[in-house]
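# Coordinate analysis (summary)
As a plain string of letters, each chain reads:
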Amino acid sequence: MDRIEIKPGIFWVGGIDWDLRDFHGYKTQRGSTYNAYLIIDEKITLVDTVKHYLFDEMLARIEAVVDPSKIDYIVSNHVEMDHTGGLPKLLKIATNAKIITSENGEKGLKRHYKEDWDLQVVKTGDTLNIGKRTLHFVSIPMVHWPDSMVTYVAEDKLLLPNDAFGQHLATSERFDDEVGQDIIWEEAAKYYANIVLPFGPQVVKALDVVETLDVDMIGPSHGIIWRSHIPKLLQKYRKWATHQTENKALIVYDTMWDSTRKMAHKLKEGLLESGFHVSMRCLKSTDISDVMTDVLSTKLILIGSPTLNNNMLPSMGAFLTYLKGLWPKDRAGMAFGSYGWGGQSIGQIEEIMKEMKWEIPLEFIRIKYIPDEDELEKVKQMGRELGDRYRER
Ligand code: FEO
């Protein structure tokens with residue numbers, strides 16, 4: 001196994017999950033990695049581990065550098081099992097290793113593994129001297145779980161923030177300047193939209209801390225390591241965390257007999273006529289985790305579903321449940337769709353937009369059975385009106 005030294009004496013010893021296509025419901029078309037970092041110092045320290053099925057890969061990478069039984073500390077920045085799944089087997093080899101984790105990390109590890117491991121709890125401001133280096137710990141609760149913390153290696157200007165700044169991206173390259181830029185920014189945005197979006201205020205607090213540190217490398221727990229684009233990354237995270245969007249439109253819909261699709265396309269035509277940029281996502285062909293990438297950067301979101309059994313289509317129900325949980329704020333929305341008799345779905349969609357406290361500039365539109373030319377013209381006019389209204393902002 002190759003030794004991958006990211007800083008003198010610090011090695012990437014993670015696992016690459018090439019075939020992963022679903023990460024708790026998030027479609028990971030490019031796979032993922034679970035990044036673990038081995039620091040060789042007077043005290044040998046491993047920061048995080050990998051998902052259980054990549055344990056052997058991690059172990060081989062560690063063995064390429066050092067005898068794993070000599071590990072003194074294992075820092076567990078985050079309990080979720082994609083980062084702790086390798087712990088039980090590793091602790092059977094590194095029998096003298098002590099786990100360093102947050103207070104919630106200790107509780108979480110005990111609930112997950114029911115083991116009486118040797119643990120040391122640290123909190124924000126605590127440090128751990130490992131020889132030539134001192135590790136600094138900062139708690140970042142809810143980025144991604146209550147236990148989450150970052151480890152900062154000041155001597156190496158290296159920040160190890162676990163889930164923050166990650167991307168689900170399997171690649172043989174390890175750094176942000178070795179992979180196509182479109183890919184890394186798309187995956188970083190998708191990751192933020194699907195994992196981090198609900199925690200904007202906590203991300204802002206974490207950024208405030210990170211920006212006081214002298215950092216020239218950020219090693220997240222998923223995807224590539226940042227060394228060339230850190231200022232841009234921090235800028236994007238602040239923008240996403242404060243729900244800043246672009247003046248563009250996203251139309252998300254599903255359809256039964258094409259009437260809602262016709263309405264979606266007329267809305268698009270109206271928006272385009274007003275000079276607005278529009279994306280169209282049909283839930284028959286686009287996964288909801290990819291729709292979320294568009295939601296992240298979009299101000300105006302139009303959502304359409306016909307009515308089925310007094311409700312919206314199940315695909316739309318799944319999307320709105322997911323969307324509401326991730327709760328993008330400061331958006332404007334409009335609901336639309338066709339119906340045969342009850343027509344409840346359109347009002348239900350609008351109600352969810354209101355629950356998310358979105359602006360509703362125009363009341364929803366619904367059309368019985370199949371829209372005629374006059375109705376489609378009216379729908380197009382609504383698209384134009386929305387575009388005119390938001391383009392000028
Ligand atoms: Fe990558 Fe919250 O685990």
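Everything numeric here is computed off the predicted structure, so don't read it as measured data.

## Some words on the side chain of S221
As for its position among the elements, S221 is in the loop between strand 16 (217-220) and helix 7 (230-241). Only 3.4 Å separates the side chain of S221 from the side chain of H83, close enough to count as a polar contact. Once residues lying within four places of it in the same chain are set aside, the contact partners of S221 are T33, Y34, N35, H83, N162 and D163.

## Quick word on the packing of aromatic side chains
A full pass over the atoms with the stated rule returns six aromatic pairs. The interplanar angle of 40° and the centroid separation of 5.4 Å between the aromatic rings of Y113 and W117 together place this pair among those described as tilted. For the pair Y113 and W117, one class covers both residues: buried. Relative to W240, the ring of Y192 lies with its centre 5.3 Å away and its plane at 45°, an arrangement referred to as tilted. Taken as a pair, Y192 in helix 5 (residues 181-196) and W240 in helix 7 lie far apart in primary sequence, 48 residues in all.

## Topic: the sheet that holds strand 11 (residues 119-121)
Spatially, 1-2-7-8-9-10-11 is the arrangement adopted by the seven strands of the open sheet, whose pairing is mixed. Unpaired on one side and paired on the other, strand 1 (5-7) and strand 11 mark the two borders of the sheet. The sheet shows a mean angle of 25° between the axes of neighbouring strands, taken without regard to direction. Pairing of strand 9 (residues 73-76) with strand 10 (residues 98-101), which is carried by four bridges, proceeds in the parallel orientation.

Criteria and cut-off values
- Residues numbered from 1 in each chain as written.
- Predicted model: local features only at pLDDT ≥ 70, side-chain atom pairs only at ≥ 80, totals over all residues.
- Heavy atoms only, no water.
- Helix = DSSP H or I, 4+ residues; strand = E, 2+ residues; numbered from the N terminus.
- Polar contact = N/O pair within 3.5 Å; in protein donor to acceptor, adjacent residues only side chain to side chain.
- Contact = heavy atoms within 4.5 Å.
- Phe/Tyr/Trp six-rings, centres within 6.5 Å; stacked < 30°, edge-to-face > 60°.
- Buried < 20%, exposed > 50% of the residue type's maximum accessible area, 1.4 Å probe, protein only.
- Pairing = 2+ DSSP bridges.
- Axes fitted to C-alpha atoms, helices over the stretch in contact; angles between N-to-C directions.

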